[in-house]
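Fold and contact review
Next come the chains, spelled out residue by residue.
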Amino acid sequence: MKKWFAVIGDPIAHSKSPQMHNTWFAELNINATYIPIHVQAQDLSRAVESLRLLGASGFNVTIPHKEAILPLLDELDPMAQRMGAVNTVVRLADGRFKGYNTDGVGFVRSLEAQIGTTHRKDAVLLIGAGGAARGIAFAMQQAGYDHITICNRTVARAEALVQELNMGTAISLQQAELDLANYNIVIQVTSAGLNQNFALPFALTHLQRGTVVADIVYNPLITPFLAEAKHKEATIVTGVGMFVHQGAIAFEHWLQQQPDTNLMIATIS
Ligand code: SKM
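From a predicted model like this one, the values you see are computed outputs, not experimental measurements.

Cut-offs and rules
- Residues numbered from 1 in each chain as written.
- Predicted model: local features only at pLDDT ≥ 70, side-chain atom pairs only at ≥ 80, totals over all residues.
- Heavy atoms only, no water.
- Phe/Tyr/Trp six-rings, centres within 6.5 Å; stacked < 30°, edge-to-face > 60°.
- Helix = DSSP H or I, 4+ residues; strand = E, 2+ residues; numbered from the N terminus.
- Buried < 20%, exposed > 50% of the residue type's maximum accessible area, 1.4 Å probe, protein only.
- Polar contact = N/O pair within 3.5 Å; in protein donor to acceptor, adjacent residues only side chain to side chain.
- Contact = heavy atoms within 4.5 Å.
- Near = heavy atom within 4 Å.
- Areas by Shrake-Rupley, 256 points an atom, 1.4 Å probe, with all protein chains shown as cover.
- Nonpolar A, V, L, I, M, F, W, Y, C, P; charged D, E, K, R; others polar.

1. Looking at the packing of aromatic side chains
- Applying the stated criterion to the full structure yields seven aromatic pairs.
- Between Trp 24 and Phe 251, the ring centres sit 5.6 Å apart and the planes meet at 80°, which makes this aromatic pair edge-to-face. Of this pair, Trp 24 sits in helix α1 (residues 17-27) while Phe 251 sits in helix α9 (residues 240-255), and the two are 227 residues apart along the sequence. Phe 251 shares its class with Trp 24; the two are buried.
- Both rings, one in Tyr 218 and one in Phe 243, keep their centres 4.6 Å apart while their planes meet at 25°; by these two values the pair is stacked. Of this pair, Tyr 218 sits in the loop between β11 (212-215) and α8 (224-231) while Phe 243 sits in helix α9, placing them 25 residues apart in sequence.

This is the structure:
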């Protein structure tokens, strides 16, 4: 029987997940389809029940439901539980829904696909301490990065994340701007890059040539932050790799097959 998958969110029209997963189904000859479903916050619980009733084999969860969905699921992967956010749901053989988080690991895979795994002892600066930053911080810690500094407009939030990780240092944006030369990997994890008119979190005056600079936003592909970093001859990592890899890990959970990420990154970029 044909399987079906979905992505739920609000808004949802912009999502490239349907295009990505349907392309992979076709490439791998899988009899399945993937659709976008617009779900508003007040309807989340009924939407999850409907997905269950109508037999979805799995689905992705995007903004603003990644946290609110946790209590509506039957089981959580320990990492998703720790992150407090789910972006992938799998229907188990017995029909129960299990939640995973593939965003953080997707980021690490994307980063390492570009720079390799030899940088794990490098000094990492995370800019931001919200939901996405949490996912990335936990996944990087799990991958063996052990020199992580978190800076945030509200330093108390960065401190809270450092405490949860039980590792790292929290600093202010001003401090990060001054110390920028001390980091080998700088990751922009706020939504600032989404808006072309948004101010940079801070000036990149002290950024060293060759520093790895990543952004999690993929539309625009080159955010103002990455544009400035490129200008300073940094090695830039766009958000498209994270998007494709989080989708590929979800796909693996659903279908136990590995889709082609490189071709997809080239197609979406
Ligand atoms: O975490 C992902 C989610 O799985 C799908 C998505 C999308 O379709 O735009 C974006 C991210 O939130």
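Here the narrative resumes, following the displayed structure.
2. Some remarks on the side chain of Asp 103
- Tracing the chain through its elements places Asp 103 in helix α4 (residues 103-115).
- Among the polar contacts listed, one links the side chain of Asp 103 to the side chain of Lys 66, at a separation of 2.7 Å.
- Not counting residues up to four positions away in its chain, the partners in contact with Asp 103 are Lys 66, Asn 87, Met 242 and Gln 246.

3. A look at the site of the ligand
- Neighbouring residues of the ligand: Val 7, Ser 15, Ser 17, Asn 60, Val 61, Thr 62, Lys 66, Asn 87, Asp 103, Tyr 218, Phe 243 and Gln 246.
- Take Ser 15: an N or O atom from its side chain is 2.6 Å from an oxygen atom of the ligand.
- Here an oxygen atom of the ligand and a side-chain polar atom of Gln 246 are 2.9 Å apart.
- In the complex, 91% of the free accessible area of the ligand, which totals 310 Å², lies under the protein chains.
- Only β3 (58-61) and α9 provide two or more residues apiece to the shell around the ligand.
- Residue classes in the shell around the ligand are distributed as four nonpolar, six polar and two charged.

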